[in-house]
Amino acid sequence: MKVAIIMGSDSDLPVLQPALDTLKEFGVAIEVLVASAHRTPDKVHHFTAGAAERGVQAIIAAAGAAAHLPGVVASYTTLPVIGVPVNSTSVGGLDALLSIVQMPAGIPVATMAINGAKNAALFAVQILATANRELALRLVEYRTAMAAEVDRKNAALQEKLAGQAK
């Protein structure tokens, strides 16, 4: 099980860190590359075109501003590509979101929320889990733990509110 993460700039790493952490939590191998769709297009092409041969099963591509990287990556592979728009401009990442989500018919890119790297990783895990029962079970456990945490927080809130009612 392997997911590649490609980002347009090393300044995107803080946004992508939750994806790295989440994939590691699920035991998914990761390849990471900084490459620009505009400044290093040959590197993007080489990395993406050979991804499946290296065992990559999904690619997370993150970029800000014009955010062409996810679409360019998708044009070079039939692997699932998950785009993460990065908030890197004065318009709060809306430019990146629109660039990624408005792909032409035939070259799809699944698009997450602005700075939505954790969900990109979870979506990649869901894709991999369709062919890996152990990973699917870990996803169920993950969601069960999330629900338990919500219940724990609710119980603490109810206790706090009950104490204030006196």
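Anyway, here's the lowdown on the structure attached to this text. Owing to the predicted nature of the structure, the values given are computational and were not obtained by experimental measurement. (Residues numbered from 1 in each chain as written. Predicted model: local features only at pLDDT ≥ 70, side-chain atom pairs only at ≥ 80, totals over all residues. Heavy atoms only, no water.)

## Details of the sheet that holds strand β5 (residues 110–111)
Rules: Paired strands, as defined in this entry, are two strands with at least two bridges between them according to DSSP. Labels follow the DSSP assignment, with helices taken as runs of H or I lasting at least four residues and strands as runs of E lasting at least two, numbered in each case from the N terminus. When checking whether two residues touch, look at their non-hydrogen atoms; a contact exists if any pair is within 4.5 Å. Interaxial angle, 0 to 180 degrees, is taken between N-to-C directions of lines fitted to C-alpha atoms, where a helix line uses only the stretch in contact.
Taken in spatial order, the five strands of this open sheet run β2-β1-β3-β4-β5, and their pairing is parallel. In this open sheet, the two strands that pair with only one neighbour each are β2 (29–34) and β5. With five bridges connecting them, strand β1 (residues 2–7) and strand β3 (residues 58–64) associate as parallel partners. If you follow Ala-4 over to β3, its bridge partner there is Ile-59. The strands touched by helix α1 (residues 13–25) are β1, β2, β3 and β4 (81–86); relative to β1, the strand with the most contacts, the crossing angle is about 175°. On top of the sheet, helix α2 (residues 41–49) reaches β1, β2 and β3; it is set at about 165° to β2, its chief contact.

## Overview of the nonpolar core
Counted only if it meets this: Joining through side-chain atoms within 4.5 Å is the link that ties buried Ala, Val, Leu, Ile, Met, Phe, Trp, Tyr and Cys residues into a set, and such a set is a nonpolar core. Here the term buried applies to any residue with accessible area under 20% of the maximum for its type, exposed to any over 50%, and partly exposed to those in between, with areas from a 1.4 Å probe on protein chains only.
In this structure, Val-3, Ile-5, Leu-16, Leu-23, Phe-26 and Ile-60 are the most contacted members of the largest nonpolar core, which totals 28 residues. At the level of elements, β1, α1, β3, β4, α5 (117–129) and α6 (133–164) are the ones that each hand at least two residues to this core. With eight residues, α5 is the single largest residue contributor to this core. What Leu-16 contacts, discounting residues up to four positions off in sequence, is Ile-5, Met-7, Ile-60, Ala-62 and Ala-117. Counting 21 residues, the second largest nonpolar core, distinct from the first, contains Leu-33, Ala-51, Val-56 and Val-73.

## Some words on the pattern of salt bridges
What counts is decided by this rule: We count a salt bridge whenever a side-chain nitrogen from Lys or Arg sits within 4 Å of a carboxyl oxygen from Asp or Glu.
Across all of its chains, the model carries five salt bridges by this definition. Here Lys-2 ties to Glu-31 by a salt bridge, and the two come within 3.2 Å at their closest N and O atoms. Here Glu-31 lies in strand β2 and Lys-2 lies in strand β1, a separation of 29 residues in the sequence. Summarising the burial analysis for this pair, Lys-2 and Glu-31 share the class buried. Taking the shortest distance from any N to any O, the salt bridge between Glu-149 and Lys-153 comes out at 4.0 Å. Of this pair, Glu-149 and Lys-153 both sit in helix α6, separated by four residues, roughly a single helical turn. Residue classification places Glu-149 among the partly exposed residues on the basis of a relative accessible area of 33%. Taking the relative accessible area as the measure of exposure, Lys-153 reaches 51% and is therefore exposed. A single network of salt bridges, built from pairs that share partners, joins Lys-2, Glu-31 and Arg-54.

## Points about unusual backbone geometry
Glycine aside, negative phi is the norm for most residues, and most peptide bonds take the trans geometry. A positive phi angle, close to 55°, is found at Ala-65, a residue other than glycine. Summarising the element assignment, Ala-65 is placed in the loop between β3 and α3 (69–75). Residue Ala-65 is classed as partly exposed on the basis of its relative accessible area, which comes to 30%. At Ala-67, a position not held by glycine, the phi torsion is positive, near 50°. Residue position: Ala-67 is located in the loop between β3 and α3. Taking relative accessible area as the criterion, Ala-67 reaches 5% and is therefore assigned buried.

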